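# Residue-level structure breakdown
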Amino acid sequence: MSKKSKVTDQTATGQAGIRKKSKVPGVMITQFMEELPEGMTTPDFTRKPIALTIQEGKFAFFKAKIVGTPTPTVTWSRANGEILFHPAVCQQKYDEATEEHTLEFPKVAPEDADTYKCFATNEYGRAVCTVVLNVIEVGFSKTKELQKAQIEETIDFRKHLKKRNPDGTREHKTMETEEKVWEILLSADKKDYERICAEYGITDFRGMLKKLNEMKKEREEEIAEFVTHISSLKPIEVKDDDYATIELDMDLKDPSSKIYLYKDGVMVPFSKEEGDDLKHSLKQVGKKYIFKIKKLGTEDAGLYSVDVEGVNVFSTDFKVPPVDFAVKIQEIKAEEREDALFQCVLTAPMNEIKWYGKSALLSNSEKHEITVSEDKLIHKLIVRDCMPLDAGIYAAVAGIKSCNAWLIVEDPGVHFHAGLSDCKAVIGEAAELECKVSSEDCVGVWYKDGEEIKSSEGLTISKDGTFHRLKIHKVTEEFAGKYKFEADGRKTEAEITVEDPPRFNAEDLKAFKTPVTVKKGHKATFNLAFIGREPIKIQWYREGEELSEDANIKIEHSEGSSRLLLLKLQRKDSGEIKFKLKNEFGTVEALSQLVVLDKPTPPMGPLETVEASSSAVEFKWRPPKDSGGCKILNYILERQQVGRNTWKKLGPIGPEAKYRDTDVDHGRRYCYRLRVETEMGISELMETEDIQAGTKAYPGPPSAPKVVSAFKDCITLSWSPPADTGGTGILGYNLEKRKKGSNLWGPVNPPNEMIRGKQFAVKDVVEGMEYEFRVSAINNSGAGEFSSPSEFVFARDPKKPPGKVSDFKVTDSTYTTISLSWTKPKDIVGVADEAKGYFVEIRLAENTEWDRCNLNAITMTSYTVKGMKSMGMYWVRVIAINEGGHGDPQELDNYHISMPPPVRPRFTDAKIKSFMVVRAGNSARFNINFEASPWPDVIWLKDGVPVSKKVTISNAEGTSQILIPSAERSDTGVYTIIVKNVVGQETISIEIRVTDEPKPPGPVELDENVHGTVTISWTASPDEKRDDRLHYMVTKRDSSKRTWNTIADRIFNNRFTACNIMPGREYQFRVYAKNDMGSSKPSESPKWLIPAKKEKFTVKVPESKACNLLCPPKFIVPLKMHTAPEGYECYMTCAIKGDPTPHVTWLRDNVSLNTNTNYLISNTCGVCSLLILRVGSKDTGEYKVAAENSLGRAESATKLTVRE
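Residues numbered from 1 in each chain as written. Predicted model: local features only at pLDDT ≥ 70, side-chain atom pairs only at ≥ 80, totals over all residues. Heavy atoms only, no water.

### Overview of the nonpolar core
Formed by 49 residues in total, the largest nonpolar core has its most connected members in F105, Y193 and M208. Take this core: its biggest share by element is 6 residues, from strand 11 (residues 125-136). Other than its neighbours up to four places away in sequence, Y193 contacts L84, L185, A188, F205, M208, L209, L212 and K216. V268, Y289, V306 and V313 belong to the second-largest nonpolar core, a separate cluster that totals 29 residues. (Core = buried A, V, L, I, M, F, W, Y, C linked by side-chain atoms within 4.5 Å. Buried < 20%, exposed > 50% of the residue type's maximum accessible area, 1.4 Å probe, protein only. Helix = DSSP H or I, 4+ residues; strand = E, 2+ residues; numbered from the N terminus. Contact = heavy atoms within 4.5 Å.)

Below you can see the structure in the form of structure tokens.
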């Protein structure tokens, strides 16, 4: 079967604060302060523990990932009892590599089933989440049978422990070891269980716990017979004066109850006066009992037990280690403000000894430091910063041995009673540093940043007795720094930090706070001057909503002031006006009120008739919803007698919302008009209903009677009085009844005996008959209309509530719904009657209260619950009901997680960009939509490693967003999202490139290598190394056109050869650096001119002379290495010379590309180029250019790397 846990208390303890929800469902965060310091965060779960259902005996664990600055402390608790941390039961661990906190159960047992809480706490907040552990018990188990036998054995053993003398005292014999260990465990702290088990050889830790729990329950019942309350049980403790004590707080039911003290099972006599010669004594102070053992020796070791009237209430084991002092502590003299060291040497190693200072137990603190040597023999106590109050006797206690010595604190001369404290000073205000020394005769020197300072203009140094002060009258920036006061070789330091927060002049602020009152349609102006260090963020708010300029709102800022102008104001514009300033030093606000006056709204109904007699009509109404911001001066009243066309003015009647009209005629009906008058005008009218004077006005019908209870001989009913009383009070009621199927109503009460109350017990009923009832109200005019009839009710004894439904199961589920079905409960005569309807209830695993899903009972045996939290863990139950009440609820066997069937993660965006360019300084934001079930883990990586803390990841249902605020070039990289759940995982990557407009190239140089061409070369742009997508563009202008034309683009090296250069023209070139953000400013070349030689045309036949220009191919500019992003262009160039003109072939991986249409190949005047329009992974490889003519062959090779 499955053992379910019950939630008993879900209220987290700790500091109160601001509650907020985590982005992880089911996690609640409490923030301890309103604003967090910069860089600090509250704890939060990036992955919360998952609920677990597991078979007993298996290894079970919860895992959680937690973030927060500073690093949070993680603790675990359970709803029922405490978690017992032991290697065999439960362990809490932390893995630094994975940053995971785990709670592990090596062999989970049914008693481990519970609701667990994980707390993550730091000084700024706490995060908590709840997780459920369900343990499935298996059938027959040898271990279980053995444990049963051990429990039975324990019960038999407890019976053996109970053997006592007739007077309740124990038998006079020494305890056996088994008796002793159980008595020790019964009074021991849980943290000591492991040590005690190891000491006495107990290996079955879980078995011991089960035995112990049984024995504790039995002992608690026995103690309850004699003791009302017992607490503060202190184990035996050796004091510094050679004695030991056992302390406990105990409230005895009978103060005369006998108390016994035993040592190892043998009664020990004790006195109730400390002065007696007996070794043991008992002192009682109120409810506190203190046993004292004097003149300690080794023979005092043993198990001490305290019994009340034969019942053991407390036991403590007193161990006496074989140790003494080889060297005792000595008297120490220390000057004030110095440290004092006490040191002793033991004869045998001890992990720790007890140190006492003036009879008070000491521990490690800022004042006292306790240390021990590696061999555990030398023990030291250091008293830090000795003061006169620290003087006194100090003692060391080792086992039952002790030694003591004096600490004498001597006054060394001048010292500081109070040093300087750091000070934050505001520009323009005063600041003061103060310290206090021990002597009035002390003379000191003040220093600032190491240089001596004295009183001067704006700075005063003063001395008042033992106080030394430095006062700055009006702080400026130059006063910031470190200040030191030095006297008699001693010094104290502090730092003054000068701040310039935004602030207001007190008189200006007082004037600003005065409310501004204007009439509707007019304008209002708010103006306030301020001072503070720029930049200052200025904001105006109205009723908490920030204002921005529009047609009716004008905001003007000038140096040191801001003005808000509100035009064409309406009544609805009234409210609080807030002026807020913020700079690096702080925030300041100023509040004022805007009141826009307008006409009032009409008075409000309904009209309440107080009296409608033959001589007067009195009625009341409600004031207007809005008085227009003004005090009501008058209500203006008019009256019309029904049947006439004229209205009679009754005049202003004052500000009270009621009127008594005495000028009425008996039987006449009157109608009234009401208006409100204020200083802003008169409202629209409200016209009342007709009121009749002096005629009978019967009350309206009461509410339908409700059945309070029904029995075979009595049905009790109740009702509410009518809303319309007829203008007079209700005197009583008439009640009638009718059998089902009959048309006749019969009176319940006699006509002359009205029912005075609003409840009545009808006894004139026949068992088994079904009745309905109605009621009418009676006033001075008589009985009014009857109410609607009640529901039919049987005259019979109440039914029994139905039983539990059966076959309760889940038939379908989505993220927000769950469909349920069940079989109606069986009818059992005298035990459970037939069910008439059902209620379905749910609760989240972390909540304790059930929420009802259907307001009215349903008759169907199926239901669909809607509006559930996605991935929420819910307990679900159904309750059958009938006239007898609610039956017992039937729960699902296990909790339900609101989710559809498992779905492998997949991305749902139709098209996802794989590349994004962001300008440096802007934010980069990218959204990924996906679907997965159950809720997946979402991880973002940058270049294969987790993203930095600067990057913000926001995960919501079905979507994840990455945000890089103020992107820098170092943020460039490939960002990968991994969406993973138990079904599988999916990943996708996007390259985010952060860049800016490039800087221009360096100087441009021109050179003529081949006639008719110009080789343009330039120094690389400084951004070339940081941006592998940076390239160059070359433009040309010649003296014939005077316009700039692009002659080359997407050049990835620093050289280009321009062809078709004509002699006699002047050329100039510009080189631009370009990237994804745009182009740089140009770098211009010097002007280039090849003069045209103008000669007289003559024909000279030259002598033929052989000239051999032939040469084999040669690369002037070889290929360079290329790395290109996938999807972008790649441009390769080289320059070749040779005669005859060589034939050029492009090859990739030794395969010719000359006929491949995917590549654009050109050869212009020896400048060979190859362009790949869209680089893909298939283009990776070695590229080669082969130039060949009749005189030889030359090759140049390079490699292309494609980056994803």
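### Observations concerning the packing of helix 2 (residues 177-187) against helix 4 (residues 205-224)
The N-to-C vectors of helix 2 and helix 4 enclose an angle of 75°; their axes lie 10 Å apart at closest approach. Taken together, helix 2 and helix 4 sit at an angle that is classed as roughly perpendicular. Only M208, K211, L212, M215, K216 and R219 of helix 4 make contact with helix 2, whose side of the interface consists of W182, L185, L186 and S187. (Axes fitted to C-alpha atoms, helices over the stretch in contact; angles between N-to-C directions. Parallel < 35°, antiparallel > 145°, perpendicular 65-115°, else oblique.)

### Things to note about the pattern of salt bridges
A complete count under the given rule lists 57 salt bridges for this structure. Salt-bridge contacts for E247 lead to K288; the nearest nitrogen and oxygen are separated by 3.9 Å. Note that E247 is positioned in strand 13 (residues 243-252) and K288 in strand 17 (residues 288-294), a separation of 41 residues in sequence. Since its relative accessible area comes to 12%, E247 is described here as buried. Linking R384 and E369 is a salt bridge whose minimum nitrogen-to-oxygen distance equals 2.1 Å. Here E369 lies in strand 25 (residues 368-372) and R384 lies in the loop between strand 26 (378-383) and strand 27 (392-398), a separation of 15 residues in the sequence. Among the residues examined, R384 registers a relative accessible area of 29% and is labelled partly exposed. One network of salt bridges, in which partners are shared, links R639, K648, D661 and D663. (Salt bridge = Lys/Arg side-chain N within 4 Å of Asp/Glu carboxyl O.)

### Brief notes about the packing of aromatic side chains
Aromatic rings in a pair are described by how distant their centres are and how their planes are angled relative to each other. In the structure shown here, the tally under the stated rule is 27 aromatic pairs. Residues F808 and W822 carry aromatic rings whose centres are separated by 6.2 Å and whose planes lie at 75° to one another, so their mutual orientation is edge-to-face. Residue F808 is found in strand 63 (residues 806-813), and its partner W822 is found in strand 64 (residues 818-823); the two are separated by 14 residues along the sequence. Comparing F808 with W822, the two get one shared label, buried. Within the aromatic cluster, the residues linked to one another by ring pairs are F504, F512, F526, F530, W540 and F579. Directly above the ring of Y243 sits K292, whose terminal nitrogen or CZ lies 4.1 Å from the centroid. (Phe/Tyr/Trp six-rings, centres within 6.5 Å; stacked < 30°, edge-to-face > 60°. Lys NZ or Arg CZ within 6 Å of the ring centre and 35° of its normal.)

### What to know about the environment of E199
Relative to the elements of secondary structure, E199 occurs in helix 3 (residues 193-200). Judged by its relative accessible area of 37%, E199 is partly exposed. Spatially, the C-alpha atoms of E199 and V1202 are 69 Å apart, while their sequence positions differ by 1003 residues.

### What about unusual backbone geometry?
In this chain, G605 is followed by P606 through a cis amide linkage whose omega measures 0°. By the secondary structure assignment, P606 is in strand 46 (residues 604-612). P1140 follows D1139 through a cis peptide bond whose omega is 5°. Mapping P1140 onto the fold places it in the loop between strand 92 (1130-1139) and strand 93 (1143-1148). Unlike most non-glycine residues, D264 shows phi in positive territory, near 55°. Within the fold, D264 resides in the loop between strand 14 (259-263) and strand 15 (266-267).

### Topic: helix 4
Its 20 residues give helix 4 an end-to-end C-alpha distance of 28 Å, which sits within 8% of 28 Å, the value for a rise of 1.5 Å per residue. Every buried residue of helix 4 is listed here: F205, R206, G207, M208, L209, K211, L212, M215, R219, E222 and I223. (Expected span 1.5 Å × (residues − 1).)

### Brief notes about the sheet that holds strand 78 (residues 959-964)
Reading across the sheet, the 4 strands line up as 72-74-78-77 and stay open at both edges, with antiparallel pairing between neighbours. Each edge of the open sheet is held by one strand with a lone partner, namely strand 72 (903-907) and strand 77 (952-956). Here the average twist between neighbouring strands, direction ignored, is 20°. (Pairing = 2+ DSSP bridges.)

### Examining the sheet that holds strand 43 (residues 561-566)
The strands that make up a sheet are held in pairs by hydrogen bonds between backbone atoms, and each pair lies either parallel or antiparallel. Spatially, 3 strands are ordered 39-43-42 in an open sheet, and the strand pairing comes out antiparallel. With partners counted over all chains shown, the strands left at the sheet margins are strand 39 (524-529) and strand 42 (553-558), one partner each. Going from strand to strand, the sheet's axes swing by 10° on average, the running direction of each strand aside. As paired strands, strand 42 and strand 43 are joined by 6 bridges and run antiparallel to one another. The partner of I553 across the bridge, within strand 43, is L566.

### Considerations on helix 3
Along helix 3, the residues that are buried comprise Y193, I196 and C197. For helix 3, the angular spread of the buried residues around the axis is 100°, confining them to a single face. At the C-terminal side of helix 3, G201 shows a positive phi close to 75°. (Arc of directions from axis to C-beta.)

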